[in-house]
Amino acid sequence: MAKIRPVGDRVVVKPAAKEEVTKSGIVIPDTAKEKPQEGVVIAVGNGRLLDNGDRATIDVHEGDRVLFAKYGGTEFKLEGEEYLVLKENDILAIVG
């Protein structure tokens, strides 16, 4: 993967792939799939700049599996892979 460094309190996440076939064998087309809400943190920014000039620390780290807000962030493609840039407050929980 190309080197990517988010700014401020933003985090780059690789969304987890959703299953394309149900347990009963029904294939779900892309248009009907629900957006994934789980992914792995790929890169973390330096933290939000506070009024006093310090930076707030970010609670997530590269490699963390996270749950995020369903419609949060901005999707983008880089080298054929899909990623999501989220603000730290769009991340709801760290899994595991």
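Residues numbered from 1 in each chain as written. Predicted model: local features only at pLDDT ≥ 70, side-chain atom pairs only at ≥ 80, totals over all residues. Heavy atoms only, no water.

Q: Please set out the packing of aromatic side chains residue by residue, giving values where relevant.
A: Scanning the entire structure with this criterion turns up 1 aromatic pair. Against the face of Tyr83 rests Lys14, its NZ or CZ located 5.6 Å from the ring centre. (Phe/Tyr/Trp six-rings, centres within 6.5 Å; stacked < 30°, edge-to-face > 60°. Lys NZ or Arg CZ within 6 Å of the ring centre and 35° of its normal.)

Q: If you had to explain the sheet that holds strand 1 (residues 10-15) to someone new, which residues and values would you point to?
A: Spatially, the 6 strands line up as an open sheet ordered 4-5-1-2-3-6, and their pairing is antiparallel. Single-partner strands in this sheet number two, and they are strand 4 (74-78) and strand 6 (91-95). Between one strand axis and the next, the sheet turns through 40° on average, direction left out of account. Note: strand 1 against strand 2 (residues 38-44), 5 bridges, orientation antiparallel. Note that in strand 2 the partner of Val12 across the bridge is Ala43. (Pairing = 2+ DSSP bridges. Helix = DSSP H or I, 4+ residues; strand = E, 2+ residues; numbered from the N terminus. Axes fitted to C-alpha atoms, helices over the stretch in contact; angles between N-to-C directions.)

Q: Outline the side chain of Asp9, supporting the account with residue identities and numerical values.
A: Considering the arrangement of structural elements, one finds Asp9 in the segment before strand 1. Overall, Asp9 belongs to the buried group, its relative accessible area being 10%. With near-sequence residues (within four places) excluded, Asp9 lies in contact with Gly47, Arg48, Ile58, Leu86, Lys87 and Glu88. (Buried < 20%, exposed > 50% of the residue type's maximum accessible area, 1.4 Å probe, protein only. Contact = heavy atoms within 4.5 Å.)

Q: Break down the pairing of strand 4 for me, with residues and values.
A: With 0 of its 5 residues buried, strand 4 lies for the most part at the surface. Examined bridge by bridge, strand 4 and strand 5 (residues 81-87) share 5 bridges and lie antiparallel to one another. When the bridges of strand 5 are listed, Thr74 appears paired with Val85.

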